[in-house]
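Summary of structural features
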Amino acid sequence: MSPSSDWKSPTGFHGRTAIVTGASSGLGAALAVTLAAARANVVLFSPEAERQQQVATQCEQAGGQALSVVGDVTRPEDCQRLVADTVARFGQLDHLVANAGISMWARFAEVQDLAVFRRLVEVNYLGALYCVYHALPHLRQSGGMITAITSIQGKIAVPMHTGYVASKHALQGFCEALRLELQGTGVGVLTVLPHWLRGTELRQRAFGSDGRELGASSRRHSRESVPMELACQLIVQAMAARRRELVIPWKLKALLVLNLLWPRRAEALILGAVKQQDS
Ligand SMILES: NC(=O)c1ccc[n+]([C@@H]2O[C@H](COP(=O)([O-])OP(=O)(O)OC[C@H]3O[C@@H](n4cnc5c(N)ncnc54)[C@H](OP(=O)(O)O)[C@@H]3O)[C@@H](O)[C@H]2O)c1
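Residues numbered from 1 in each chain as written. Predicted model: local features only at pLDDT ≥ 70, side-chain atom pairs only at ≥ 80, totals over all residues. Heavy atoms only, no water.

Pairs may arise between side chains of opposite charge once their charged atoms sit close together. The tally for this structure, following the rule as stated, stands at 11 salt bridges. Here arginine 51 ties to glutamate 201 by a salt bridge, and the two come within 2.8 Å at their closest N and O atoms. With a gap of 150 residues between them, arginine 51 in helix α2 (residues 49-62) and glutamate 201 in the loop between β6 (188-194) and α6 (228-240) connect regions that are remote in the sequence. With a shortest N-O distance of 3.7 Å, arginine 205 and glutamate 201 are connected by a salt bridge. Through salt bridges that share partners, Arg51, Glu201, Arg205 and Glu213 make up one connected network. (Salt bridge = Lys/Arg side-chain N within 4 Å of Asp/Glu carboxyl O. Helix = DSSP H or I, 4+ residues; strand = E, 2+ residues; numbered from the N terminus.)

Printed below as a string of structure tokens:
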């Protein structure tokens, strides 16, 4: 999909209400501001009150109304409160962007604390599921959309990421099954499968083998990583068009096809790319 020149004012968001989870940094923060610029009412959700309030202020400066709800996607009661607060403030819910996520960078055999794997599933998969569960009755009423930020790793395996890959495959599969169940209800399900993105904190906050965050200077961005503005542009366009799947960048679809038809070749390409990242 090629970007159009009017992406900064996509139609269809004016006066609509969108929840964005994981909105205190990275892709969630950028998407929240982009939706606010399109005159949506934006509800931001993350555990980090202060940083999230700064993003809420940016949303209001961009032209939308913003509500900051502090909470943790791994707590079903927080997700229920998120939806209740949204509807109490704006009267309806049109978009749920399930974006909150965490990562890892460690060989499976070297991970010292297995709690890392539980946490990845709780945040990346169950956290999205809890939000969808509580949002769904309102999305049915509005004919709204679920947008889940999965990853290309929701369909492709990458070494050093075992727990992340598993959590994203779970989320991708959940969304695909839910999309089938929701056919005819008016609720759309969009899965977004990005490659590496620039300008997020995912890498430096990823769990290392000792269960601690890797830290800022641990690895460099690959030349292939996608600029944040382009990712936001493509995602809001796909939401407006009510698409079902978005791969960023689109050329990565070739890797999905290669993985089906010639998996050993795909594995060699993936191993080469990860070796470059890890060097
Ligand atoms: N960066 C990439 O290369 C890439 C590629 C493909 C897919 N993605 C996906 O894109 C999404 C956004 O990641 P990002 O790259 O923007 O990373 P990021 O900058 O680290 O942002 C992650 C966001 O998720 C929030 N979060 C983490 N745990 C949470 C929890 N338990 N409850 C609520 N919010 C929580 C964080 O809030 P706090 O800061 O308050 O903890 C933060 O706002 C993730 O799902 C990620 O898997 C990223």
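Moving on from the coordinates now.
Another point: the site of the ligand. The immediate surroundings of the ligand are formed by 32 residues, with Arg51, Asn99, Tyr164, Leu197 and Arg205 found nearest. Leucine 202 places a polar main-chain atom, nitrogen or oxygen, 3.3 Å from an oxygen atom of the ligand. Within the side chain of arginine 205, an N or O atom sits 2.7 Å from an oxygen atom of the ligand. When isolated, the ligand has an accessible area of 890 Å², and the protein chains bury 95% of it. Contributing elements (two or more residues each) for the shell around the ligand: α1 (26-37), α4 (115-142) and α5 (162-181). (Near = heavy atom within 4 Å. Polar contact = N/O pair within 3.5 Å; in protein donor to acceptor, adjacent residues only side chain to side chain. Areas by Shrake-Rupley, 256 points an atom, 1.4 Å probe, with all protein chains shown as cover.)

Take the environment of alanine 30 next. Residue placement: alanine 30 occurs in helix α1. Residues alanine 30 and cysteine 59 lie 29 residues apart in sequence; the distance between their C-alpha atoms is 9.4 Å. If sequence neighbours within four positions are ignored, alanine 30 has contacts with Met228 and Cys232. (Contact = heavy atoms within 4.5 Å.)

Below, the discussion takes up helix α7 (residues 253-261). Among the residues making up α7, those that are buried are Leu255, Leu256 and Leu258. Angularly, the buried residues of α7 cover 165° about the axis, an arc narrow enough to put them on a single face. More than 90 degrees from the buried face of α7, the exposed residues found are Leu260 and Leu261. (Buried < 20%, exposed > 50% of the residue type's maximum accessible area, 1.4 Å probe, protein only. Arc of directions from axis to C-beta.)

This next bit is on the nonpolar core. Leu27, Leu35, Leu44 and Ile235 are the most contacted members of the largest nonpolar core, which totals 35 residues. Looking at this core, the elements with two or more residues in it are β1 (17-21), α1, β2 (41-46), α2, β5 (145-149), β6, α6 and β7 (245-248). With 8 residues, α6 is the single largest residue contributor to this core. Setting aside residues up to four positions removed in sequence, leucine 27 forms contacts with Asn99, Ile149, Leu197, Thr200, Met228, Ala231, Cys232 and Ile235. Counting residues in hydrophobic clusters, the runner-up holds 29 residues, among them Val73, Cys79, Phe90 and Cys175. (Core = buried A, V, L, I, M, F, W, Y, C linked by side-chain atoms within 4.5 Å.)

Moving on, we come to the sheet that holds β1. In spatial order, the strands read β3-β2-β1-β4-β5-β6-β7; together these 7 strands make up an open sheet with parallel pairing. The open sheet terminates on both sides in strands that have one partner only, identified here as β3 (66-70) and β7. For this sheet the average axis-to-axis angle between neighbouring strands, irrespective of direction, equals 15°. Relative to β5, strand β4 (residues 95-98) is paired through 4 bridges, and the arrangement is parallel. Within β5, the residue paired with leucine 96 across the bridge is isoleucine 146. Contacting β5, β6 and β7, α5 crosses the sheet at an angle of about 155° to β6. (Pairing = 2+ DSSP bridges. Axes fitted to C-alpha atoms, helices over the stretch in contact; angles between N-to-C directions.)

From the geometry alone we can't say anything about function, so treat these as descriptive.
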